[in-house]
Amino acid sequence: MERFVDEALVLSTVDYGESDRLVTLLTREHGKLTAFAAGARKSKRRFAGALEPYMRLRVQLVETRGSTVRLDSADIVAGYYGAREDLALIARALYAVELCRELTRDHEPHLELFELLEAYLGKLDAKEAGPTSLLAFELSALAQAGLMPRFDSCSLCGGPPGERPRFDQAHGGAVCEPCGFRARDAVAVPAELLSGLRALQEGQRTPLPAELRARARGVLNVFISHHLGRRLKSVDFMAQVGLD
Amino acid sequence: MTPDPLNRLVAQLAKLPGIGEKTAQRLAFHILRAPGEYAQELSQAIREVKEKVHLCARCFSLTDSELCGFCRDNRRDERTLCVVETFADLMALERTREFKGRYHVLHGVLSPLDGVGPEQLRIKELLTRLGDGHVEEIILATNPDVEGEATALYLTRLLKPMGIRVSRIAQGLPMGGDLEYADQATLAKALSARREL
Ligand SMILES: [Zn+2]
Ligand SMILES: [Zn+2]
């Protein structure tokens, strides 16, 4: 049974039995892992406060039989406490970790995604990440996972999206008006939405107006749930508490 | 071969939290050996807890009448309301004998990753309760984890515009504790929540 040390971001936790906890980690070197934290619920001292979503930890892990690993120790490297003092920041951070959890598979290294999430949590913590930042983070995370919605050209003919474009999650992005009849699920979207999302994809960080953000949220929700096969839970939360 | 009724009792007891097969057997034998009225009273108590205990119509703690003891007690200060996640948390606060106001039990916390939103908690009922204008201060006593914090922040957003004073229970080092052995998260919180003397 091999023991190893890694850096990890906590994606989620779930109580296991009377006294233990299962922790889903995105590690720097080993990708996503599910770690068994024995006694994490009973003994407050051993992992105190460390096994919370979006904590950055230095962890000692031990390989066990099966796909789970055992968590031997966890030191907090960054608690992102600034991002725990505001409901909008909490909502964005939880959405970001849930997206990363759903986009990755166990034991597959995702160094870029780790660094992307780490950088985004740092920005939230410094209160430098407004609602548009979440859209930008999502687009980057999707790109890392090989899911890059196409906004600059028609997904079917490759031509310009035109003045009255549509968006079709099944075909992977924008669809021009003439191709519309071949994409039955496509919904009409404003042309400036596509150019706004394209700008975010290219790394521009100009905040989008609230109305466009709401449309972007809708487009990304259907895109993500189409490709993951389910809707993210924290996105409903954001809608319920009226945040983005 | 053990008799079936005994097996059934062991199986039921083993379903209780923290009770393994062996302990369940020991408990079952104890019940078997005890005087007959003990088994009577035990089964009666178990039946009654399900039949008679329900949620208080006002604060959603547990009671066997329309309103719970905390809501009926006129000596308790109705101007201060303490909001907790669970009935167990209410009992913990009650054990301090420090709090003389009234309670409101949410029955959970906002949990974005589990899909638990405001509608699944007793938040609407809390707002309705405030309609009579008696409450002046609300103490938010949810747990100091990300879900408890999110719940407290969400409630603050709803309550502040109503002109109610909202406070959050303090977080930090345990009494009689040793700084050297405090965990990082608690110590960090204690530092950031320091107060001027
Ligand atoms: Zn086309
Ligand atoms: Zn009551």
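Residues numbered from 1 in each chain as written. Chains lettered and ligands numbered in written order. Predicted model: local features only at pLDDT ≥ 70, side-chain atom pairs only at ≥ 80, totals over all residues.

### Some points on the overall build of chain A
Then comes step 1: Along the backbone of chain A there are six helices and eight strands.
Then comes step 2: Listed by position from the N terminus, the elements making up chain A come as β-β-β-β-β-α-α-α-β-β-β-α-α-α.
Then comes step 3: Seen through its principal axes, chain A has C-alpha atoms that stretch 60 × 35 × 30 Å.
Then comes step 4: By residue count, 43% of the 244 residues in chain A fall in the buried class.
Then comes step 5: Intrachain contacts of chain A at a sequence separation of at least 6 include 53% that bridge at least 24 residues. (Helix = DSSP H or I, 4+ residues; strand = E, 2+ residues; numbered from the N terminus. Buried ≥ 20, exposed ≤ 12 C-beta atoms within 10 Å, placed from the backbone. Contact = placed C-beta atoms within 7 Å.)

### Quick notes on the domain arrangement of chain A
Interfaces are often described in size by the accessible area the parts lose on coming together.
Then comes step 1: Here chain A is partitioned into domain 1 (3-81) and domain 2 (130-240).
Then comes step 2: Computed from C-alpha atoms alone, the centre-to-centre distance between domain 1 of chain A and domain 2 of chain A is 34 Å. (Domains from an automatic or database assignment.)

### Comments concerning the interface of chain A and chain B
Then comes step 1: Counting residues at the interface gives 24 residues for chain A and 21 residues for chain B.
Then comes step 2: Those elements that provide at least two residues to the side of chain A that touches chain B are α1 (87-103) and α6 (233-240) of chain A.
Then comes step 3: Looking at the side of chain A that touches chain B residue by residue, the class counts come to 11 nonpolar, five polar and eight charged. (Nonpolar A, V, L, I, M, F, W, Y, C, P; charged D, E, K, R; others polar.)

### Description of the UniProt feature "zinc finger region: C4-type" (unreviewed entry) in chain B
Then comes step 1: Summarizing the sequence annotation, UniProt attributes the feature "zinc finger region: C4-type" (unreviewed entry) to residues 56-71 of chain B in the numbering used throughout.
Then comes step 2: Its end C-alpha atoms 8 Å apart, residues 56-71 of chain B is made of 19% helix and 12% strand. (UniProt positions renumbered as here; feature names shortened; annotations may be inferred.)

### Description of the domain arrangement of chain B
Then comes step 1: With domains assigned, chain B is organised as domain 1 (4-52) and domain 2 (75-168).
Then comes step 2: A straight line from the C-alpha centre of domain 1 of chain B to that of domain 2 of chain B covers 36 Å.

### Topic: the pairing of strand β4 (residues 56-63) of chain A
All names here are of chain A.
Then comes step 1: Bridging between strand β1 (residues 3-16) and β4 involves seven bridges; their strand directions are antiparallel. Pairing of E7 across the sheet is with R58, part of β4.
Then comes step 2: The pairing of β4 with strand β5 (residues 69-78) spans eight bridges and is classified as antiparallel. Among the inter-strand pairings, V62 is bridged to a residue of β5, identified as R70.
Then comes step 3: Linking β4 back to β5 in an antiparallel pair, the connection comprises five residues, with G66 at a positive phi of about 85 degrees. (Pairing = 2+ DSSP bridges.)

### Here we look at the packing of α1 of chain A against helix α2 (residues 111-125) of chain A
All names here are of chain A.
Then comes step 1: For the pair α1 and α2, the least separation of the axes is 10 Å and the interaxial angle reads 175 degrees. Judged on the interaxial angle alone, α2 and α1 are roughly antiparallel. Facing α1, whose interface residues are L89, R92, A93, A96 and C100, α2 presents L113, L117, Y120, L121 and L124.
Then comes step 2: Here the residues of the contact of α1 with α2 are counted per class, giving nine nonpolar, no polar and one charged. (Axes fitted to C-alpha atoms, helices over the stretch in contact; angles between N-to-C directions. Parallel < 35°, antiparallel > 145°, perpendicular 65-115°, else oblique.)

### Some points on the sheet that holds strand β2 (residues 20-27) of chain A
Residue and element names in this part refer to chain A.
Then comes step 1: Ordered by their spatial adjacency, five strands build a closed barrel running β1-β2-β3-β5-β4, and the pairing between neighbours is mixed. For this sheet, the mean inter-axis angle between neighbouring strands, taken without regard to orientation, is 50 degrees.
Then comes step 2: Relative to β5, strand β3 (residues 31-37) is paired through two bridges, and the arrangement is parallel. From the neighbouring strand, A35 faces β5, where its bridge partner is V69.
Then comes step 3: Along the sheet, α2 contacts β1, β2 and β4; its crossing angle with β1, the most-contacted strand, is approximately 65 degrees.

### Quick look at the pairing of strand β3 (residues 77-84) of chain B
Residues and elements named next belong to chain B.
Then comes step 1: Where β3 meets strand β4 (residues 101-105), five bridges bridge the pair, whose relative direction is parallel. Bridging across to β4, D77 finds its partner in G101.
Then comes step 2: Traced from β3 through helix α5 (residues 87-95) to β4, the parallel crossover comes out right-handed.
Then comes step 3: Inspection of the sheet shows β3 paired to strand β5 (residues 137-140) by four bridges, in the parallel sense. Following the sheet pairing, L81 is matched in β5 by I138. (Right-handed = clockwise from strand over helix to strand, strands pointing away.)

### Some details on the nonpolar core
Then comes step 1: Within the largest apolar cluster, 104 residues are counted, with the highest numbers of intra-cluster contacts made by V10, L25, A93 and C100 of chain A together with V83 of chain B.
Then comes step 2: Sorting elements by how many residues they give to this core places α1 of chain A first, with 12 residues.
Then comes step 3: Those residues in contact with V83 of chain B, other than ones at most four positions away along the chain, are H104, L106, L126, I138, I139, L140, A141 and L155 of chain B. (Core = buried A, V, L, I, M, F, W, Y, C linked by C-beta atoms within 7 Å.)

### Comments concerning the UniProt feature "domain: Toprim" (unreviewed entry) in chain B
Then comes step 1: UniProt records the feature "domain: Toprim" (unreviewed entry) for residues 79-174 of chain B in the present numbering.
Then comes step 2: Secondary structure content for residues 79-174 of chain B is 31% helix and 20% strand, while the C-alpha to C-alpha distance between its ends is 29 Å.

### A look at the sheet that holds strand β7 (residues 173-175) of chain A
Then comes step 1: Spatial strand order, β7-β6-β8 (chain A): three strands in an open sheet with antiparallel pairing. The outermost strands of the open sheet, each flanked by one partner alone, are β7 and β8 (187-188) of chain A.

### Points about the environment of S234 of chain A
Then comes step 1: Tracing the backbone shows S234 of chain A in helix α6.
Then comes step 2: Taking the number of C-beta atoms within 10 Å as the measure of exposure, S234 of chain A has 24 and is therefore buried.
Then comes step 3: If we skip the residues at most four places from it in the chain, S234 of chain A touches A91, L94, Y95 and E98 of chain A together with P112 and L113 of chain B.

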